[in-house]
Amino acid sequence: MQAVLALEDGTLYYGRAFGAGGENWGEVVFNTGMTGYEGVLTDPSYCGQIVVMTYPLVGNYGINSEDFESRGSFVRGFVVREVCDRPSNWKAAGTLAEFLANEGVIGLAGVDTRALTRRLRTKGTMRGIISTKTSDPETLIEKARSCPDFSAQDFIPTVATKEIVRYDGGDPVVALIDLGAKQNIVRCLQRRGCTVVVFPPDSLPADILALDPAGVVISNGPGDPVRAVSAIAAVRELAGKKPLFGICLGHQVLALALGARTYKLKFGHRGSNHPVKDLATGKVYISSHNHGFSVAEESLGPAGLVITHRSLNDGTVEGFRHRELPVMAVQYHPEAGPGPHDSEYLFDEFLELIGREGN
Ligand SMILES: NC(=O)CC[C@H](N)C(=O)O
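Residues numbered from 1 in each chain as written. Predicted model: local features only at pLDDT ≥ 70, side-chain atom pairs only at ≥ 80, totals over all residues.

Q: Mind laying out the overall build of the protein chain, listing which residues take part and the relevant values?
A: Looking only at helices and strands, the protein chain features 10 helices and 19 strands. Relative to a compact globule of 359 residues, whose C-alpha radius of gyration would be 21 Å, the protein chain shows 20 Å and is just as compact. Buried positions account for 51% of the 359 residues belonging to the protein chain. Here the analysis covers contacts within the protein chain between residues at least 6 apart in sequence; of these, 74% occur between residues at least 24 apart. (Helix = DSSP H or I, 4+ residues; strand = E, 2+ residues; numbered from the N terminus. Rg over C-alpha atoms; globule rule 2.2 N^0.38 Å. Buried ≥ 20, exposed ≤ 12 C-beta atoms within 10 Å, placed from the backbone. Contact = placed C-beta atoms within 7 Å.)

Q: Just give me the short version of the pairing of strand β12 (residues 194–199), but keep the residues and values in it.
A: In the sheet, strand β10 (residues 165–167) pairs with β12 via 3 bridges, with the strands oriented antiparallel. Note that in β12 the partner of V165 across the bridge is V198. Note: strand β11 (residues 170–177) against β12, 6 bridges, orientation parallel. Bridge assignment links I177 to a residue of β12, and that residue is F199. Tracing the backbone out of β11, into helix α6 (residues 183–191) and back to the parallel element β12 gives a crossover that is right-handed. (Pairing = 2+ DSSP bridges. Right-handed = clockwise from strand over helix to strand, strands pointing away.)

Q: Report on the sheet that holds β11, specifying residues and quantitative values.
A: Judged by pairing direction, the sheet is mixed, and its 10 strands sit side by side in the order β10-β12-β11-β13-β14-β19-β18-β17-β15-β16 without closing on themselves. Looking at which strands have only one partner, the edges of the open sheet turn out to be β10 and β16 (284–295). Averaged over all neighbouring strand pairs, the angle between strand axes comes to 20°, with direction disregarded. Here helix α9 (residues 249–257) sits on the sheet and contacts β13 (215–218), β14 (244–247), β15 (262–278), β16, β17 (305–311) and β19 (327–330); the angle it forms with β14, its principal contact strand, is near 125°. (Axes fitted to C-alpha atoms, helices over the stretch in contact; angles between N-to-C directions.)

Q: Let's hear about the UniProt feature "binding site: L-glutamine" (unreviewed entry) in the protein chain: which residues, and what values?
A: Here, UniProt's "binding site: L-glutamine" (unreviewed entry) annotation points to S45, G221, G223, L249, Q252, N290, G292 and F293. The largest pairwise C-alpha distance within this set of annotated residues, which runs over 249 residues, is 13.1 Å, so the set is compact in three dimensions. Counting through the fold element by element, G221 comes out in the loop between β13 and α8 (229–238). Non-local contacts of G221, meaning those with residues more than four positions away in its chain, are made with P44, S45, I156, V159, A160, L179, G180 and L249. (UniProt positions renumbered as here; feature names shortened; annotations may be inferred.)

Q: I'd like a rundown of the UniProt feature "active site" (unreviewed entry) in the protein chain, residues and numbers included.
A: Here the UniProt feature "active site" (unreviewed entry) sits at C248, H333 and E335. In sequence the annotated residues extend across 88 residues, while in space they remain close, none of their C-alpha pairs exceeding 10.9 Å. Note that C248 resides in the loop between β14 and α9. The buried category is assigned to C248, around which 31 C-beta atoms lie within 10 Å. In this structure C248 touches S45, N220, N290, H291, Q331, Y332 and H333, once residues within four positions along its chain are discounted. Tracing the backbone through its elements, the reader meets H333 in the loop between β19 and α10 (345–356). Take H333: there are 29 C-beta atoms within 10 Å of it, and that puts it in the buried class.

Q: Can you explain the domain arrangement of the protein chain? Please cite residues and give values.
A: You can read the domains of the protein chain as domain 1 (2–147) and domain 2 (156–356). Each of domain 1 and domain 2 has a C-alpha centre, and these two points are 27 Å apart. Every contact between the two is made by 23 residues of domain 1 and, on the other side, 24 residues of domain 2. Contributions of two or more residues to the side of domain 1 that touches domain 2 are made by β3 (23–31), α1 (37–41) and α3 (113–123). A per-element tally of the side of domain 1 that touches domain 2 places β3 first, with 3 residues. (Domains from an automatic or database assignment.)

Q: Hey, could you go over the site of the ligand for me, with residue numbers and the actual values?
A: In the vicinity of the ligand, the contacting residues are S45, N220, G221, P222, G223, P225, C248, L249, N290, H291, G292 and F293. Residue contributions to the shell around the ligand peak at 4 residues, all from β16. In terms of residue class, the shell around the ligand is built from 5 nonpolar, 7 polar and no charged. (Near = placed C-beta within 6 Å. Nonpolar A, V, L, I, M, F, W, Y, C, P; charged D, E, K, R; others polar.)

Q: Give a detailed account of the packing of α8 against α9, specifying residues and quantitative values.
A: Across the interface, α8 lies against α9 with an axial gap of 8 Å and an inter-helix angle of 65°. At the point where α8 passes α9, the crossing takes the right-handed sense. Touching A231, I232, V235 and R236 of α8 are V253, L254, L256 and A257, all from α9. (Left-handed = near helix turned anticlockwise from the far one by under 90°.)

Q: An account of the pairing of β16 is requested, with residue identities and associated values reported.
A: In terms of residue burial, β16 counts as a mostly covered element, since 9 of its 12 residues are buried. Bridge count between β15 and β16: 10 bridges; the pairing is antiparallel. In the sheet register, P275 faces β16, and the bridge partner there is I286. Hairpin connection of β15 to β16: 5 residues between the antiparallel strands, including G282 at a positive phi of 80°.

Q: Please provide a residue-by-residue account of the sheet that holds strand β8 (residues 106–109), values included.
A: Hydrogen bonding along the main chain pairs the strands of a sheet, whether they run parallel or antiparallel. Strand order around the closed barrel formed by 7 strands is β1-β2-β8-β6-β4-β3-β9, with mixed pairing between neighbours. Sheet twist, expressed as the mean angle between neighbouring strand axes with direction ignored, is 35°. With 4 bridges joining them, strand β1 (residues 2–7) and strand β9 (residues 126–131) adopt antiparallel strand pairing. Bridge assignment links V4 to a residue of β9, and that residue is S131. Contacting β2 (12–19), β6 (77–80) and β8, helix α2 (residues 96–103) runs over the sheet at an angle of about 90° to β2. Across the sheet, α3 is in contact with β2, β3, β4 (49–53), β6 and β9; its angle to β4 comes to roughly 125°.

Take a look at the structure:
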């Protein structure tokens, strides 16, 4: 079966359909990871987006639920150069096509994803429609042009928990504000002995403080950070009361809560191979990224924040700390999943921050 991706600039990319059939729309973004498609597909931060993989062969180690980052896939479409139909891996429980079919995600294979990526890099992220109904491409282009603006949509309620979930471990007890959290954040904290209590995104500060956690982590998540209104308000109140660690959307929410600004990047950072410099040590880490927004560097100082990490690809802010308060944040993914594990040391730094606060 044929499928097509229509972009709002009028470009069409035809290929072979795999996974689910039908039609869906979203913001078209590219990911430069050479592996890790299971983590990408189940990362709730991709909610509302059609993901294009630049690596030319995807699906070769199949799918297994142990590597999932959430309960399913929230992507609106998945575009690859070549899909592997016969995976080979001891953990594989199924194929990529089967997984996408089960999740209702339309796959499109046979596209020159590098050419598509160059277009997105030149023109910036665009809205698009992925469809297995290919007979009327002009209508698809029109539909792509009339999709709602990405920043006008609230994705967090679709992906985040509605109830408090407790993962028992030892001490300390850490609260995790779930804006669409990747499961590996929980795993990384549990591996360090923590009990993790996951809170819904609209939890009140008083609910979180009632637990008396030693620290609070604000998770990754989808969409424009300025829409995370209740989390921003909650975090503003928690700052100074508990040590805080923001990851990705959590980093942006912390910045906004403390008075800094965010803006949309032209095409974002998505992949497992992004160099970031830790400015305290001068060390460069290859790290896992998935963000389309960034914190404006000039807005950090007035908010009492100091840059701690910087992207070596485009120089944007990748981490900050507060000058006085126990507050740290990174724009990228110390939990990896997928991606290199080298930045897990940031969880150790968070536990040190908790320790210093005498909890
Ligand atoms: N992974 C994330 O938390 C992404 C944060 C935000 N949705 C962005 O695109 O910038």
